[in-house]
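# Observations on chain architecture
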Amino acid sequence: MLSILHDWFLAMIRRVLSFVVALVSVWLTGPVWAEGRYALIIGNDSYQAVPGLEKARNDAKAIHTALSGVGFQSTLVLDADQLGLLSALSAFSNQIKPGDEAVFYFAGHGIEIDGSNYLLPTDVPEVRPGGELVMTQRALKVETVVDSLRAKGARISLLIIDACRDNPFPKEGTRSIGATRGLAKVTAPEGAFMIFSAGAGQTALDRLSNDDQDPNSVFTRILLPRLVEPGLPIHELARQVRTDVRKLAQSVNHEQFPAVYDEFDGELVLVPAKLPLGEPKPADANLTAASNCTDARADWEIIAQTESKAALESFVATYAQCPVLTAMAGERLAALLSRDTTVTPEKPDPAAPAPQTAVVKQGTGAMEDCETYADPNKSSIFSLTPAQIETAIEVCRTALAEDPSGGRAGALLGRMLYAGEKYDEALTVTQAAVEAGSVDAMSSMGVLYQKGRGVKKSPTEAAKWYQAAADGGSLTGMYNLGLLYEAGFGVARDFDRAAELYINALRGENTWLLDRAKDKPKEVMRKIQSRLHDEGVYDGPVDGAFGPKTREALQKLTGTR
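For every chain, the first residue of the written sequence is number 1, and numbering continues from 1 along that sequence. The predicted origin of the model limits local features to residues at a pLDDT of at least 70 and limits the giving and counting of side-chain atom pairs to 80 or more, whereas totals for whole chains, interfaces and linings rest on all residues. Only hydrogens and water are set aside; all other atoms, that is, all heavy atoms of the structure, feed into the side-chain values.

### Remarks on the pattern of salt bridges
Should the charged atoms of two oppositely charged side chains come close, the side chains can pair. Only one rule defines a salt bridge in this text: a Lys or Arg side-chain nitrogen within 4 Å of an Asp or Glu carboxyl oxygen. What the rule picks out here adds up to 20 salt bridges. Taking the shortest distance from any N to any O, the salt bridge between Lys-556 and Glu-552 comes out at 3.6 Å. Of this pair, Lys-556 and Glu-552 both sit in helix α22 (residues 548–558), separated by 4 residues, roughly a single helical turn. Bridged by salt links that share partners, the residues Arg-37, Glu-101 and Arg-155 form one connected network. Numbering goes from the N terminus for both helices and strands, where a helix is a DSSP run of H or I of at least four residues and a strand is a run of E of at least two.

Next comes the structure, spelled out in structure tokens:
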């Protein structure tokens, strides 16, 4: 009898152990992240009635990538008007269930009125002193965001606000609507952890100087690597961000010390210090990226401000599994390499022909060599290496010497001198090419004035040169002038005029604009769609969304479809 009981007991033990092992196996092979991690990321650059911004969209895209990579179900909203802002917040809060983790990030304009902070949608009107009621009804109150998440029972509401900039509204005498600088102190409710990019009454820097080509604001570039660092608690993350932002801002004699408002008693680690399986499965690629970022972050702190292209290329190759940091390094590398004749450097088209080698062909004419090496992609010099730039300068000097009156050779040589940072000589050569009648050189003159290279920086003069180039049929001139009208830089902001210029550039088979069109603000895209409709190539909605019909219409216009 005892033997039977003993065998039965051992059998039961085996069954229990098998069940436990099965449960553990399911847990280990299932998703490492629990459900209930949500993020709403908003970046507003294209304001209609107040000065626009340049980096809020970039900041939002980078934060969205980072949080998506560490397990958050992240929603990205760019250039949100009032309806879009409220709709996004409503949809976001409706996702939240009791015990969830919620992150809200906003980059754009913000303003303090009577001690409360308001986040501005892109369609906020220009309001003058006395119009506070209009403003409070048209903007999103920060407390509204917190209250909506608390009502859903979120375990933690993490708010990150990069909106502490100068008041965008005009003054009348000494008065303006709201505080002149930054945002006000707040009292965080229970369960909330809030990080503002600057302290009360301080302004947050977008850039360290006019030559600072980092795609992100000072605050966000410091924040990004911390978001993907394994085992870093939110309180320590905030401490590090505050310290490093202050140091970076003080390097240019600016006081910016991010504010933290903490009423969260628990623990929040965005990325676990150690994954249960030691090495994640291929399906957990995002977690692999996060776990490989510790060394990357240490190296990034060393080279973040480097001018060495080789160091950045090595960083990208070494830390390919840390996508946020390698994206930042890639964008910095892009800024260093970019000596484009467009207003804003952009990444090369993957479909574009590969850059030519730095070896000059034998047996071809100097002008043909100049065309080959100075304009390999017929639109951008972004991907040229320093060696290729020097080769192009050499052959274009020869081409210009053979035909001193040749405007095309002068325009290309000026372009390459600009790429090689020989700005004074670039100006002299480009001016001569303009006198020879080169419209491409006129567009290059616009770049020199817009960037302040070899001449005093003047957006107005840049616009004049771009206009002259566009009038002469330069596709680059048309596109650059469109960018100025879109941004309101050197000219009055005019989305319709920008759309007209973009369409004209496309009509000239400027196909590289196709890939840039999808990133245009909705207001500009609506104007483009309206013009495409008038051209008879588009029958879709004029909604500002870059969908398949819009792309097809643009392709029809360029003759590529």
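### Some points on the packing of helix α16 (residues 439–451) against helix α17 (residues 459–471)
The N-to-C vectors of α16 and α17 enclose an angle of 165°; their axes lie 8 Å apart at closest approach. When the axes of α16 and α17 are compared, the pair comes out roughly antiparallel. For the element pair α16 and α17, the recorded crossing hand is left-handed. On α17, the residues that touch Val-439, Met-442, Ser-443, Met-445, Gly-446, Val-447, Tyr-449 and Gln-450 of α16 are Glu-461, Ala-462, Trp-465, Tyr-466, Ala-468 and Ala-469. Throughout, the ten residues Ala, Val, Leu, Ile, Met, Phe, Trp, Tyr, Cys and Pro are labelled nonpolar, Asp, Glu, Lys and Arg are labelled charged, and all others, Gly among them, are labelled polar. Along the lines of polarity and charge, the residues of the contact of α16 with α17 split into 10 nonpolar, 3 polar and 1 charged. Lines are fitted to the C-alpha atoms to define the axes, a helix being fitted only along its stretch in contact, and any angle between axes, read from their N-to-C directions, falls within 0 to 180 degrees. Reported orientations rely on four angle classes, namely roughly parallel under 35 degrees, roughly antiparallel over 145, roughly perpendicular from 65 to 115, and oblique for the rest. In this scheme the handedness of a crossing depends on how the near helix is turned from the far one: anticlockwise by less than a right angle means left-handed, clockwise means right-handed. We call two residues contacting when some pair of their heavy atoms lies within 4.5 Å.

### Describing helix α15 (residues 423–435)
Here the expected length of a helix is defined as 1.5 Å per residue gap, with one fewer gap than residues. Helix length check: α15 (13 residues) gives 18 Å between terminal C-alpha atoms against 18 Å at 1.5 Å per residue, within 8%. Exposed residues in this analysis have more than 50% of their type's maximum accessible area, buried residues have under 20%, and partly exposed residues fall in between, with area computed by a 1.4 Å probe over protein chains only. All of the buried residues in α15 are Tyr-423, Ala-426, Leu-427, Val-429, Thr-430, Ala-433 and Val-434. Tucked inside the fold, the buried residues of α15 contact α13 (386–402), α14 (407–419), α16 and α17. Backbone geometry just after α15 places Gly-437 at a positive phi near 95°.

### Notes on the side chain of Thr-122
Here Thr-122 shows up in the loop between β5 (116–119) and α4 (132–138). Once residues within four sequence positions are removed from consideration, Thr-122 is found in contact with Asn-44, Ser-46, Tyr-47, Gln-48, Asp-79, Ala-80, Asp-81 and Glu-523.

### Re a negative patch on the surface
Here a patch means residues that are over 30% exposed by relative accessible area and free of salt bridges, tied together within 9 Å if like-charged and within 5 Å if nonpolar (Val, Leu, Ile, Met, Phe, Trp, Tyr). Areas reported as accessible are Shrake-Rupley estimates using a 1.4 Å probe. Residue values count occlusion only from the protein chains shown. Positive: Lys, Arg. Negative: Asp, Glu. His and the chain ends are not part of the count. Charged groups are reduced to one reference atom each: NZ for lysine, CZ for arginine, CG for aspartic acid, CD for glutamic acid. A cluster of acidic residues, Glu-190, Asp-262, Glu-263 and Asp-265, forms a negative patch on the protein surface. By the element assignment, Glu-190 lies in the loop between β7 (156–162) and β8 (192–196).

### Considerations on the sheet that holds strand β1 (residues 37–43)
Across the sheet, 6 strands lie side by side as β2-β1-β3-β7-β8-β9; this open sheet has mixed pairing. In this open sheet, the two edge strands, each paired with only one partner strand, are β2 (73–78) and β9 (259–262). Pairs of neighbouring strands in the sheet enclose a mean axial angle of 10°, with direction left out of account. Bridge count between β1 and strand β3 (residues 101–107): 7 bridges; the pairing is parallel. Each bridged residue has a counterpart across the sheet, and for Tyr-38 the counterpart in β3 is Ala-102. Taken strand by strand, helix α3 (residues 82–95) contacts β1, β2 and β3, and its axis lies near 170° from that of β1. In this fold helix α5 (residues 142–151) packs onto β3, β7 and β8, with an angle of close to 160° to the strand it touches most, β7. Pairing between two strands is assigned when DSSP locates at least 2 bridges connecting them.

### Quick look at the side chain of Ser-438
Along the chain, the position of Ser-438 falls in the loop between α15 and α16. In protein, a polar contact requires one atom able to donate a hydrogen and another able to accept it; more generally it is a pair of N or O atoms within 3.5 Å, and residues adjacent in sequence count only if both atoms are side-chain atoms. A polar side-chain atom of Ser-438 sits 3.1 Å from the main-chain amide nitrogen of Ala-441. With near-sequence residues (within four places) excluded, Ser-438 lies in contact with Gly-407, Ala-411 and Ala-433.

### Regarding the packing of aromatic side chains
Stacked, edge-to-face and tilted labels apply to pairs of Phe, Tyr and Trp rings (six-membered ring for Trp) whose centres lie within 6.5 Å, assigned for plane angles under 30 degrees, over 60, and everything in between, in that order. Summed over all chains, the structure comprises 3 aromatic pairs. Both rings, one in Phe-196 and one in Tyr-261, keep their centres 5.4 Å apart while their planes meet at 75°; by these two values the pair is edge-to-face. Taken together, the residues span a long stretch of sequence, with Phe-196 in strand β8 and Tyr-261 in strand β9 at a distance of 65 residues. Per residue, the accessibility class of Phe-196 equals that of Tyr-261, and both read buried. Between Tyr-479 and Tyr-502 the ring centres are 5.5 Å apart and the planes differ by 40°, which places this aromatic pair in the tilted class. Placement of Tyr-479 in helix α18 (residues 475–487) and of Tyr-502 in helix α19 (residues 495–507) is noted, with a sequence separation of 23 residues between them. The class of Tyr-479 is buried, set by a relative accessible area of 0%. The class for Tyr-502 is buried, based on a relative accessible area of 2%. The ring of Phe-257 has Arg-242 lying over it, and the distance from NZ or CZ to the ring centre is 4.0 Å. Above the plane of the ring of Phe-257 lies Arg-246, whose end atom (NZ or CZ) is 3.7 Å from the centre. Here, a charge over a ring means that NZ of Lys or CZ of Arg falls within 6 Å of the ring centre while also lying within 35 degrees of the ring normal.

### Quick notes on the sheet that holds strand β4 (residues 110–113)
Taken in spatial order, the 3 strands of this open sheet run β4-β5-β6, and their pairing is antiparallel. Of all strands in the sheet, those with a lone pairing partner are β4 and β6 (140–141), marking the two edges. Judged from the 2 bridges that link them, β5 and β6 form a sheet pairing that is antiparallel. Bridge pairing in β6 links Leu-119 to Leu-140.

### Here we look at the state of the cysteines
Cysteine sulfur atoms that pair up within 2.5 Å are treated as a disulfide. As enumerated under the stated definition, the model contains 1 disulfide in all. In this model Cys-370 forms its disulfide with Cys-396; the gap between the sulfur atoms is 2.0 Å. One disulfide, between Cys-370 and Cys-396, carries an S-S torsion of 95° and so falls in the right-handed class. In this pair, Cys-370 sits in helix α12 (residues 366–374) while Cys-396 sits in helix α13, placing the two residues 26 residues apart along the sequence. With relative accessibility at 0%, the residue Cys-370 sits in the buried group. Cys-396 gets classed as buried once you look at its relative accessible area, which sits at 0%.

### Considerations on the environment of Val-434
Assignment of secondary structure puts Val-434 in helix α15. Judged by its relative accessible area of 16%, Val-434 falls in the buried class. In this structure the C-alpha to C-alpha distance between Val-434 and Met-445, which are 11 residues apart in sequence, comes to 8.4 Å. Beyond its immediate chain neighbours, meaning those up to four positions away, Val-434 contacts Ala-441, Met-442, Met-445 and Trp-465.

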